[in-house]
Structures are given as structure tokens and as C-alpha cells.
Amino acid sequence: MTVTAIVGANWGDEGKGKMTDYLAGQADIVVRFQGGNNAGHTIINEYGRFALHLLPSGIFYPQVLNILGPGVALNIPAFLKELDQLRQHGLPEPAIRISNRAQVILPYHLLLDAYEEARLGDQQFGSTKQGIAPFYADKYLKLGLQVADLFDEARLRARLQASLAIKNVLFEHLYRQPRIEVEALLPDLMRAGEQIQPFVCDTVSLLHTALAQDKQILLEGQLGALRDPDHGIYPYSTSSSPLAGFATVGAGLPPYAIQRVIAVAKAYSSCVGAGPFVTELFGSEGEALRRRGGDKGEYGATTGRPRRVGWFDAVATRYGCQVQGATEVALTLLDVLGYLDEIPICTAYDVDGSITEQFPEPAALDRARPIFERWPGWRCDISEIRRFEQLPRNAQTYVLRIEELLGTPVKWISVGPKREAVIIR
Ligand code: GDP
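What comes next is a walk through the structure. This is a predicted model, so every value here is computed, not measured. (Residues numbered from 1 in each chain as written. Predicted model: local features only at pLDDT ≥ 70, side-chain atom pairs only at ≥ 80, totals over all residues. Heavy atoms only, no water.)

Another aspect to go through is helix α1 (residues 16-23). Counting buried residues along α1, seven of its eight residues qualify, which places the element largely inside the surrounding structure. Among the residues making up α1, those that are buried are Lys16, Gly17, Lys18, Met19, Thr20, Asp21 and Leu23. (Buried < 20%, exposed > 50% of the residue type's maximum accessible area, 1.4 Å probe, protein only. Helix = DSSP H or I, 4+ residues; strand = E, 2+ residues; numbered from the N terminus.)

Okay, structure coming up:
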């Protein structure tokens, strides 16, 4: 039996979806344990190219049960739309379960997100405006709504009343926007409940039973370690923990259940939105990498925004592996670097004249300057290679140097966006 977490070592967009889709072939269950439809996992397989936002990346295998756990932020219209789009592609009907404890993103969360970013103006965080921060704020303010509440009209009305009492003060007096009344929300929410009811169950019991039956369970993280509210680049973080340590909480498994933590790290860096990004590349150098990155350039799967790109940052990624508790690393997008004569790796930061290999706290990050070492490139296409020994010598050296800097074995190397483009070491 194994429970494996597949999580990001960087700022997100590391290719976790691709790795989950690849590994799900041998899994029984794939669980999303945090976040919502605010990020995207791009997956390319025999059915086509998909940008999944909320659905777990096991949905392409009919034998895999896909769970949205209690820690997830559930946008019901987005869930139904994503499912519909998959059906239109002729996929076998996926098996999906939604936790009765998962909380629901409400229309006013989306509004609050948009109003607040507008209010902040050029100080805004670069939110995807999917309502994630207001949603998690409500959850911890005890003003959220669980899926099971949708099936009890009186309770639903009372929960909405409690939440809207505060929201309407903000709408009217801070944002100068119209009030929202409970009765205007109720019919749609009741209907949304009916629509998802066939998927809803006690996923925690289900997972515990699966654990006892030695099932293979994958816990799929969203975003990456550096977006963690405690350990990341706060306040440019996300609103739920993308760490493997939280995966057991957000899924509902014992903390000791996870045996393997696959930290997915990119062979270069990318970062969406605002915040410190030490190895960032600008101008034509950045554009050259952005254009070649990902499967269609480095542009956000949810927002289409150009992603900021930079060289591999061993300081940030080692820290990312550390806070994830990585037992192994999947190094992705190595193929992208094949156009370069020389590839820099950031091995340390200079913060106010002092050299450090430790990832500093956010307050110091803005002052950190990267220190690079340079490695020779391999200048060829490696996307068809499936054995480590067959990689060009310089590509092998680059991977081995990263492995040394991370102090964690690089067990997987992804050399292309398609499912099969993986080298196992
Ligand atoms: P996720 O959120 O971690 O799943 O990552 P995203 O899907 O947002 O971003 C990863 C991007 O890289 C997507 O466009 C993938 O199709 C693409 N991708 C994943 N692995 C590889 C790889 O090894 N090589 C290339 N060229 N693209 C990859």
C-alpha cells in the first residue's frame, strides 16, 4: 500500500498535473486536498489537451476514483462545466466523489475578490479572481458553507444570513456596490446542491476504507511550496496550504499515512502574479524562455497571463523540497532548455552583502540577488529520450548537479508535455 503526495516544490505550474496523470495509471484513487479552480493543470494524453482546474488529474482513467476532499474550495458551476467539457471529448465517464464537508465558493466570494483587487489598484496581488481568498477567509471566520448544508434549506438560509450580514456592510460602505440578499442566492444554491448530490459522500470514511484495503492513493497538490501561507512568499501566497503535510488534513487521512512525497520541480523557474522572484529574467532573454516553456509557452492555464520566468533557483527549490518533506523529486520541462549554450543555476543569494544558501523570510527576499554558476547546454531535442543514460552528457550533468544541490534524489525527469515523455531513474 502506498499513499503518495504529488506536490509543487516551486511557485506552482511545475507540471504536477502531468506527473499525476502519468502516475495515476497505477493508482486506485486520486485526491485533491486544497485550493479550487484558481490554478490549472495542463494534461496532454490520448484524449487531447486539457486544462483541468478543479477535477483531479486521475479522471482520464475509468478505474480511478477521483475525490474532491474536505480541504477543497468547491466552485459548483465551474465543477459542472469542467465535467461537461470532458464528456464532450468522449472520455469514459469518470468516477468522482465530493466530500460532504468540502466548502462551497459562493457568488459573493467572486465579487469580493474582484472588488478588493480593484480597490487595491496597482497594489493588487494578481488574484485569479476565483474568490479563493474570500472563500478561505470565510471558512476560518466560521462563515463558510459546507456541501452538506446545501441539502438543508433552513440551515442554508441561516448560514447565508450570518455571512451576508458582514458582506453587505463591505459592499455598501467600502466597495460602494449593491447589497446581496439571501433570497436571491437560495434557488441557485439549492439547485446546485441537487446537481452535485450524486457525487457527494463521506469521502473520509471512503479513504480510510481504501487505506485498510491497501489501495494506491495519490494526493494531488495545487500550486507549490512557495505559495504556502506559512512557509511561502507571504503575502504573495495562496490561501490554503499546498504542502504534503496538509494533504492528510485536506484529504482526511492519518498524518503518518503518506509514505512518498514527490516534489515536482521545474528545470527552470516560473511564477505567476506579483511577489519576489529572485532569478527572474527580463527582456529578450526572458521572452526566449517564456516562448519555449510549457507546452505552448509559459502562459497561465486559468488566466492566460504571461508567466514570469527565470533560471533554476536551487535556494528556493531546496527549501521547497524541505518544507514539502520530499522523498523524491520529479524534475520537469528539462526539454525546454535545449536551445541554450549555457544554463545558469542559482546556488546562493546575496542579501545585503551576505551570502546565504538558506531561503530567507519574505521581508528579506526583495533584497536578495542571485548568485549563479553556469553549466554547458546540450543544444538538441531530448523529448523522445526515455533513458537517463541516453540523455546528452551535459543534460545528465545538469540533472545531477540539481540533485546534488537539492539533496533529494531526482527519480523522474519529464522531457515533454505528453504523458509518456518521462524518464524514470
Ligand atoms: P501544474 O499546475 O503543476 O500541473 O502545471 P501547469 O499545467 O500549470 O504547467 C505546466 C506546463 O508545462 C503545462 O503547459 C504542461 O503541459 C507543460 N509540461 C509539463 N511537463 C512538461 C515537460 O516535461 N516538458 C514540456 N515542454 N512541457 C511540460
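Right, picking up where we left off after that structure.
With six of six residues buried, strand β1 (residues 3-8) is to be regarded as a mostly interior element. In β1, alternate side chains face the same way, and those of Val3, Ala5 and Val7 on one face and Thr4, Ile6 and Gly8 on the other are all buried. With five bridges joining them, β1 and strand β10 (residues 217-224) adopt parallel strand pairing. Within β10, the residue paired with alanine 5 across the bridge is leucine 219. (Pairing = 2+ DSSP bridges.)

What follows covers a nonpolar patch on the surface. A grouping of Ile166, Leu170 and Leu174 is seen on the molecular surface, where their side chains present a nonpolar patch of about 240 Å² in accessible area. Structurally, leucine 174 can be placed in helix α5 (residues 153-174). (Patch = residues over 30% accessible without salt bridge, like charges linked within 9 Å, V, L, I, M, F, W, Y side chains within 5 Å. Areas by Shrake-Rupley, 256 points an atom, 1.4 Å probe, with all protein chains shown as cover. Salt bridge = Lys/Arg side-chain N within 4 Å of Asp/Glu carboxyl O.)

A separate point is the packing of helix α3 (residues 107-120) against helix α4 (residues 132-140). Axis separation between α3 and α4 bottoms out at 7 Å; the angle between their running directions is 120°. Put simply, α3 runs oblique to α4. For the pair α3 and α4, the sense of crossing is right-handed. Contacts between α3 and α4 involve Tyr108, His109, Leu112 and Asp113 on the former and, on the latter, Ile132, Pro134, Phe135 and Asp138. Here the residues of the contact of α3 with α4 sort into five nonpolar, one polar and two charged. (Axes fitted to C-alpha atoms, helices over the stretch in contact; angles between N-to-C directions. Parallel < 35°, antiparallel > 145°, perpendicular 65-115°, else oblique. Left-handed = near helix turned anticlockwise from the far one by under 90°. Contact = heavy atoms within 4.5 Å. Nonpolar A, V, L, I, M, F, W, Y, C, P; charged D, E, K, R; others polar.)

This part is about helix α9 (residues 283-292). Looking only at α9, the buried set comprises Gly286, Ala288, Leu289 and Arg290. In this fold, the buried residues of α9 make contact with β13 (308-310). At the exit of α9 stands glycine 294, carrying a positive phi of roughly 55°.

Right, let's get into the pattern of salt bridges. Within the structure shown, the criterion is met by 25 salt bridges. For the salt bridge of glutamate 93 with arginine 87, the shortest nitrogen-to-oxygen distance reads 2.7 Å. Across the pair arginine 155 and aspartate 149 runs a salt bridge, and its minimum N-O distance is 2.6 Å. If you follow the salt bridges from partner to partner, you end up with Asp13, Lys266, Glu298 and Arg307 in one network.

Let us now look at the site of the ligand. Among the 19 residues in the neighbourhood of the ligand, the closest are listed as Gly17, Thr42, Asp295, Asp335 and Ser414. Separating an oxygen atom of the ligand from a backbone N or O atom of leucine 333 is a distance of 3.0 Å. Against a free-state accessible area of 580 Å², the protein chains account for coverage of 98% of the ligand. Looking at the shell around the ligand, the elements with two or more residues in it are α1 and β3 (41-45). It is α1 that contributes the most residues to the shell around the ligand, three residues altogether. Of the residues assigned to the shell around the ligand, the class counts are four nonpolar, eight polar and seven charged. (Near = heavy atom within 4 Å. Polar contact = N/O pair within 3.5 Å; in protein donor to acceptor, adjacent residues only side chain to side chain.)

With that settled, the discussion passes to the environment of proline 409. Summarising the element assignment, proline 409 is placed in the loop between α12 (393-406) and β19 (410-414). Look at proline 409 and you get partly exposed, because its relative accessible area is 46%.

In this structure, aspartate 335 sits in the loop between β15 (328-332) and β16 (342-351). Lacking a salt bridge, the buried aspartate 335 has lysine 18 as its closest oppositely charged neighbour, with an N-O distance of 7.4 Å. A polar atom in the side chain of aspartate 335 sits 3.4 Å from the backbone nitrogen of glycine 416. With residues near it in sequence (within four places) discarded, aspartate 335 still touches Ile382, Ser414, Val415 and Gly416. (Lys, Arg positive; Asp, Glu negative; His and termini not counted.)

What follows covers the sheet that holds strand β2 (residues 29-32). The strand order β9-β7-β5-β2-β10-β1-β11-β15-β19-β20 describes an open sheet built from ten strands, whose pairing is mixed. Strands at the two margins of the open sheet, each flanked by one partner only, are β9 (200-201) and β20 (422-424). Relative to strand β5 (residues 65-68), β2 runs parallel, the two being bridged by four bridges. By the bridge assignment, arginine 32 is partnered in β5 with leucine 68. Contacts from α1 reach β1, β2, β10, β11 (260-266), β15, β19 and β20 within the one sheet, and its direction differs from that of β10 by about 170°.

The geometry of two aromatic rings is summed up by the distance between their centres and the angle between their planes. Taken as a whole, this structure holds eleven aromatic pairs when the rule is applied. Seen from their ring centres, tyrosine 319 and phenylalanine 359 are 4.9 Å apart, and the 25° between their planes marks the pair as stacked. Linking tyrosine 319 in helix α10 (residues 314-324) with phenylalanine 359 in the loop between β17 (354-356) and α11 (362-365), this pair joins segments that are 40 residues apart in sequence. Residue classification places tyrosine 319 among the buried positions, given a relative accessible area of 17%. Relative accessible area serves as the criterion here: at 12%, phenylalanine 359 is assigned to the buried category. The structure contains a cluster of three or more aromatic residues connected by ring pairs, namely Tyr47, Phe50 and Phe60. Note that arginine 292 overlies the ring of tyrosine 339, its terminal NZ or CZ placed 3.9 Å from the centroid. When the ring centre of phenylalanine 388 is taken as origin, the NZ or CZ atom of arginine 425, which lies over that ring, is 4.6 Å away. (Phe/Tyr/Trp six-rings, centres within 6.5 Å; stacked < 30°, edge-to-face > 60°. Lys NZ or Arg CZ within 6 Å of the ring centre and 35° of its normal.)

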